[in-house]
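Descriptive structure summary
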Amino acid sequence: MGEPRPARRGRRRDRRVYLGSHPVLFALLAATRRAPVRRIGRIVLVHDAAPFADALRRVPVDRSAERTTAGAARRATGGDGFLFDQDGAGHRQTRRGAASVFGADGVARLRPVWLEVLRRRLAPLGDGAEVDVVDLVVELSGASTAAMLDVSVPAHALTDAARSAAALAARGHLPGLRWPGRARRDRAATASAAAELTRLLGGPADEAARGGMLAVASINTTVAAIPRAVAWCADDRLWPAADRADSRAALVAELLRVTAPSPVLPRVVAGAAELADTRPLRADTRPLRADTRPLRAGDRLLLVARHAARAGAPHPDPAAPVPAAVGHLVFGTGPHHCPGARLAHAQLDDVLAALAPYRPVVTGARVDRRSALPGWARLTIRATR
C-alpha cells in the first residue's frame, strides 16, 4: 500500500490524542454520534449544531452542580465558578470585566509577551535542532496568563499548577471506572492543587480564586489546542496557507474547529424544559422539521462541541472553510460564548505565522494521559527549510 494522503495524516494522528488520553469518552461519543440527541438514562448527549446551540441559549442549567464545567472550575481553584456558574446581572457584569481582558485591547497588550517567547524558543529550528511544541506552548501560555493577571510568577510554574488543578478536578465528571477510595483521594489532591495555584497568584482569597479561574481556563485550552493544530498543519502540509496573511485566518478557524480543544461541555438541567431536535425529513430531501426532546431537572447534558462544529469532517481547508456559525461552536454560543475566542485565534495565528517559513515536520509525539483536555505531552518538530 502507498503512503497515506496528506489530508488523512492529520486526522489519523489527532485521533491518537482521544484514544490515548480519554478512550472511554471517545468511545461513548463515537457510539452515539449518529443521533442529533441521544438519551441514556438521565444523561442526554447532544451532537448536532441546532440542539447544541438551543441548549446553550434556552435550556436553564444548574451552574453550581457537581460534575459540570462550573463544578470542575470550583474544585480547580477553590473559589466560585466565576464565568461558569453565574447567571443574570452578575454574569453580565463579569463578562463585561472579561471583555477588557480578552477584547482587542487586552489581546494587543499581551501579544508582545508571546511573540518574544516564539522568537526565542523557535530560533533553534534555524540551526537544525528539534523543538518541543508542547514545552514552548507551556511557556507561552504561562507568560501570557501571568501578564494578563499582572502577577510575577514563573511561566512554567503557573502553567504546571493550572494544568494539575484542572486535571484533578476533571476526573470527577469524566466517564470511566471509579475505584474505591479514589474520589476521596482525588478531592484531597484537588484541594492541594487549588491551594498551590492560589498561593502562586497571591493577593486576597477572592481575587486569587478569580485569577485562578482565568488561568485554568486560558492555560489548559491553549496547551491542548496549539500543539494539536501545529501537528495537523504539519501532517496535512498546510504551511503554504499559514505563510500568507490572507489565508491564515481561515486556516486558524479551521484548525480550531477540527481540534475542538474543549470537546464536551457538561451541564445539569435546572428545571423542566424542551430541547429542539432538528433532523432531515427523509434522506433524499432538504426540508427540516424541528422535534423537541423533554428535559427534566437533574438531567445531565453532555454538549458535544466537537460534533456540533463538525470536527469529524470535513478536513481543514482554508480555501473552503465550513460556515463560521458552525465552526465557531467550539467556543459555544449565546450568553455563555467563550470570551477567550479572540485570544485563542490571535495566539494560534502568530504561532503558525512564526512556524510557516520553516515548513516543519513532526519528529515525535506522545499523548498526555493525565491532562484535563485531550492533548500531547510532547510534540517535537524540525525544520525542512
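That block above? That's the structure.
Conventions used here
Residues numbered from 1 in each chain as written. Predicted model: local features only at pLDDT ≥ 70, side-chain atom pairs only at ≥ 80, totals over all residues. Heavy atoms only, no water. Helix = DSSP H or I, 4+ residues; strand = E, 2+ residues; numbered from the N terminus. Expected span 1.5 Å × (residues − 1). Phe/Tyr/Trp six-rings, centres within 6.5 Å; stacked < 30°, edge-to-face > 60°. Buried < 20%, exposed > 50% of the residue type's maximum accessible area, 1.4 Å probe, protein only. Lys NZ or Arg CZ within 6 Å of the ring centre and 35° of its normal. Pairing = 2+ DSSP bridges. Axes fitted to C-alpha atoms, helices over the stretch in contact; angles between N-to-C directions. Contact = heavy atoms within 4.5 Å.

**Things to note about helix α12 (residues 245–259)**
- With 15 residues, α12 extends 21 Å from end C-alpha to end C-alpha; this agrees with the ideal 21 Å at 1.5 Å per step.
- A positive phi of about 40° marks A260, the residue just after α12.

**A look at the packing of aromatic side chains**
- Enumeration according to the criterion identifies one aromatic pair in this entry.
- Judged by centre distance (5.4 Å) and plane angle (35°), the rings of Y18 and F26 are tilted.
- The class of Y18 is buried, set by a relative accessible area of 1%.
- For F26, a relative accessible area of 17% gives the class buried.
- Just above the ring of Y18 sits the side chain of R306; from NZ or CZ to the centre is 4.5 Å.

**Some thoughts on the sheet that holds strand β7 (residues 300–304)**
- One open sheet holds the four strands; their spatial order is β1-β2-β7-β4, and the pairing between them is mixed. Edge positions in the sheet fall to β1 (37–40) and β4 (264–268), since each has one partner strand and no second. Taking the axes of each pair of neighbouring strands and ignoring which way they run, one obtains an average angle of 20° across the sheet.
- The pairing of strand β2 (residues 43–46) with β7 spans four bridges and is classified as parallel. If you follow V44 over to β7, its bridge partner there is L301.
- Against the sheet, helix α2 (residues 23–32) makes contact with β1, β2, β4 and β7, and its axis sits at roughly 120° relative to β1, the strand it touches most.

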